[in-house]
Each structure stands twice: as structure tokens, then as C-alpha cells.
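Fold and contact review
One-letter residues, chain by chain:
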There are 2 protein chains.
Amino acid sequence: MNLLFKALNDATRREILKLLKEGDKTAGEIADHFHISKPSISHHLDLLKQAGLVAAEKQAQFITYSLNTTVVDEIAQWFIQFKTKKK
Amino acid sequence: MNLLFKALNDATRREILKLLKEGDKTAGEIADHFHISKPSISHHLDLLKQAGLVAAEKQAQFITYSLNTTVVDEIAQWFIQFKTKKK
DNA sequence: TTGATATTTAGACAAATGTCTAAATAATTC
DNA sequence: GAATTATTTAGACATTTGTCTAAATATCAA
């Protein structure tokens, strides 16, 4: 839970998740969407991966990133505990 | 959105939200649940308030904090955008 | 094997964060 | 009004974070 919220606590990383929602992308394609150096994006991708929010797969010289919807659902559950309060 | 995720990115603050889910509490009552100084808890409460996650109401010399479920729902919405991916 | 491309790792640095103690503010009670 | 209680504000300090440049690793293509 800690790594999850930590990963979400950055506008760039949340934007990356939105990008991946539209489809898988390589690290380079993702970096092209931002005015931030590639090493910085690489670091953001690493944090998202640590949190389980994205998965990385190496294909030839590229690394393709994809959204892990299972974990996104998991965190949605966290909020539901607050909604289902009736008393 | 920024302030919201920032506020959620701390275990103590998430624990405070869970406490308030059970019912309103004064700043002192909240502080008693943690092994952290009162000024630190006060600071956490301030961040939660800035994010709109809690509301504060002064009653005599006490300040009672309550959970703002509307904002909790709002952030739940943020995750739904990832769930409703069909293509 | 040499050169080019894709990506990460390493290290540095300024800014933000969580915590503390001491002091300030506000309300209550004697 | 002085002492007590509840809470916050102010300031300090160590740790974490986001960014960068330079260098390392890996794959491809000639």
C-alpha cells in the first residue's frame, strides 16, 4: 500500500498511467510525451513497476510498458472501505 | 488532485482517515492513537484538511475533525477511469 | 568489430517532507 | 487575573524525492 500511494504521488507518474491506459508503449515513446530527461522517466517507470502498477517486457532493444489493471482495481478497493459506511 | 495524493502518501494520515471513518474525533483523541508528538499530528491534520479529506470544527477549546466522504468518493472516481477500459 | 540506438545505472544536488522541541493562542476554571 | 488544558505555529534538522549529466549495458546493422 505504501509503494502504491508513493507511486501515485507524482503528476508525471499519474500521466504515464493515463498514457498506458490507451495502450502499451516503449520507454522511449513514453519519454517523448514529457519535457523531462529519459533517465528521469526511467526512474518514474521503475517506481511504477515497484508499486506493481505497470509491467515491463523486453522486446529486442525496446522495453514495452503496460498498465496493470489488477493493481489499479486493488487500490480502488481501498477507497471503497470508506464509501460503505452506513452507520 | 495533487494535494489529495500528497495527503494520502503517508501511513499515519491514512490511519487517521480510518479512525475518522468510525466517527468524529478531537485533535487530542486522534493524537492519542499514535506515538508521535501532538504538533506532528496537528501538521498531518492540516495536510488532510488542505486536501479536503477532513473538516475541522471548533467546539469550545476542542477542535473536532470529521471525514469528508464526498472527497473520498471524488478520488475513487479517479480510479474508475482506468477500470472502464473496454477496447 | 565498429557505430548507432534504446534504456538503465550511478552520483550529485536542490527542494520537499516528517519529525521534534519551544513558544504562541485560545478557552476554562479557580 | 493566574493557572490549566487543548491545539497550533515557528523553526530546526535529517531523510526522501525529482531532476540532471555522464557513464554503463544491451541490441541491431553495416
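This is a predicted model, so every value here is computed, not measured.

Residues and elements named next belong to chain A. Read across the sheet, three strands follow the order 1-3-2 without closing on themselves; strand pairing throughout is antiparallel. Of all strands in the sheet, those with a lone pairing partner are strand 1 (25-26) and strand 2 (54-59), marking the two edges. By the bridge criterion, six bridges tie strand 2 to strand 3 (residues 62-67) in an arrangement that is antiparallel. Note that in strand 3 the partner of K58 across the bridge is I63.

Our next topic: the protein's contact with DNA strand D. For DNA strand D, the set of nearby residues contains 24 residues, the closest of which are S37 and H44 of chain A together with G28, S42 and Y65 of chain B. Restricting the count to atoms of DNA strand D within 4 Å of the protein gives a sugar and phosphate share of 78%. Within the contact set of DNA strand D, a phosphate oxygen lies 2.8 Å away from a backbone nitrogen or oxygen of S37 of chain A. A27 of chain B is positioned with one of its backbone polar atoms (N or O) 3.4 Å from a phosphate oxygen of DNA strand D. It is helix 4 (residues 38-50) of chain A that provides the largest number of residues to the surface near DNA strand D, a total of five residues. Its residues placed into classes, the surface near DNA strand D shows nine nonpolar, ten polar and five charged.

The next thing to look at is helix 5 (residues 69-83) of chain B. Compared with an ideal rise of 1.5 Å per residue, which puts 15 residues at 21 Å, helix 5 of chain B spans 21 Å between its outermost C-alpha atoms and is within 8% of the ideal. Inspection of helix 5 of chain B places V71, V72, I75, A76, W78, F79 and F82 of chain B among the buried residues, and these make up the whole buried set. Down the axis, helix 5 of chain B shows its buried residues gathered within 150° of arc, on one side only. Here the buried face of helix 5 of chain B lies against helix 1 (2-8), helix 2 (11-21), strand 3 and helix 5 (69-83) of chain A together with helix 1 (2-8) and strand 3 (62-67) of chain B. The N-terminus of helix 5 of chain B is capped by N68 of chain B, whose side-chain oxygen sits 3.1 Å from the backbone nitrogen of T70 of chain B.

A word on the nonpolar core. Core analysis: the biggest nonpolar cluster contains 52 residues, and L17, L53 and F79 of chain A together with L17, L53 and F79 of chain B have the highest contact counts within it. If near-sequence neighbours (up to four positions away) are discounted, L17 of chain B is found in contact with W78 and F82 of chain A together with L8, L48, L53, V54 and L67 of chain B.

In this section: the relation of the copies chain A and chain B. Superposing chain A onto chain B takes a rotation of 180° plus a shift of 0.0 Å along the axis, which leaves an RMSD of 0.0 Å. Such a combination of turn and shift is consistent with a two-fold rotation axis. In this assembly, 100% of the residues forming the interface of chain A have copies in chain B that are likewise at the interface, indicating an isologous arrangement.

A separate point is the environment of M1 of chain B. Along the chain, M1 of chain B turns up in the segment before helix 1. With a relative accessible area of 41%, M1 of chain B lands in the partly exposed category. The contacts of M1 of chain B, once residues within four sequence positions are left out, are R14 of chain A together with I75 and W78 of chain B.

The next thing to look at is the pattern of salt bridges. All names here are of chain A. According to the stated counting rule, one finds two salt bridges over all chains in the structure shown. With its nearest N and O atoms 4.0 Å apart, the salt bridge here joins K21 to E22. Taking the relative accessible area as the measure of exposure, E22 reaches 54% and is therefore exposed.

All names here are of chain A. Tracing the sequence through the fold places K25 in strand 1. Put simply, K25 is tucked away with no salt bridge, and the nearest opposite charge, on E29, sits 5.9 Å away. If we skip the residues at most four places from it in the chain, K25 touches L19, L20, I30, H33, I63, T64 and Y65.

What follows concerns the protein's contact with DNA strand C. Close contacts around DNA strand C come from 24 residues, with G28, S42 and Y65 of chain A together with S37 and H44 of chain B the closest. Near the protein, meaning within 4 Å, the atoms of DNA strand C are sugar or phosphate in a fraction of 78%, with bases accounting for the rest. Contact between DNA strand C and G28 of chain A: a phosphate oxygen at 2.7 Å from a main-chain N or O atom of the residue. In this structure, D10 of chain B approaches DNA strand C through a side-chain N or O atom, which is 3.5 Å from a phosphate oxygen. Residue assignment for the surface near DNA strand C shows that the elements contributing at least two residues are helix 3 (27-31), helix 4 and strand 3 of chain A together with helix 4 (38-50) of chain B.

Rules and cut-offs
- One numbering rule holds for all chains: residues counted from 1, following each sequence as written.
- Chains and ligands are labelled sequentially in the order written, the chains with letters from A and the ligands with numbers from 1.
- Owing to the predicted nature of the model, reporting of local features is limited to residues with pLDDT of at least 70; listing and counting of side-chain atom pairs is limited to 80 or more, with chain, interface and lining totals taken over all residues.
- To get the side-chain values, take all heavy atoms of the structure and skip hydrogens and water.
- The pairing criterion is simple: DSSP has to find at least two bridges between the two strands.
- Numbering of helices and strands runs from the N terminus, with a helix taken as a DSSP run of H or I at least four residues long and a strand as a DSSP run of E at least two residues long.
- Proximity criterion: a residue is near a molecule or strand once any of its heavy atoms comes within 4 Å of it.
- Nitrogen and oxygen atoms within 3.5 Å of one another constitute a polar contact, given that in protein one can donate a hydrogen and the other can accept it, and given that sequence-neighbouring residues count only through two side-chain atoms.
- Amino acid classes used here: Ala, Val, Leu, Ile, Met, Phe, Trp, Tyr, Cys and Pro are nonpolar; Asp, Glu, Lys and Arg are charged; the rest, including Gly, are polar.
- The span one expects for a helix is its residue count, reduced by one, times 1.5 Å.
- Only protein chains enter the area calculation, which uses a 1.4 Å probe; residues under 20% of their type maximum are buried, those over 50% are exposed, and those in between are partly exposed.
- What the arc measures is the spread of directions leading from the helix axis to the C-beta atoms.
- The contact criterion used is simple: two residues touch if any of their non-hydrogen atoms lie within 4.5 Å.
- Residues belong to one nonpolar core when they are buried, are Ala, Val, Leu, Ile, Met, Phe, Trp, Tyr or Cys, and are joined through side-chain atoms within 4.5 Å.
- Only residues with pLDDT of at least 70 in both copies contribute their C-alpha atoms to the least-squares superposition of the copies.
- Criterion for a salt bridge: a side-chain nitrogen of Lys or Arg within 4 Å of a carboxyl oxygen of Asp or Glu.
- Charge assignment: positive for Lys and Arg, negative for Asp and Glu; neither His nor the chain ends contribute.

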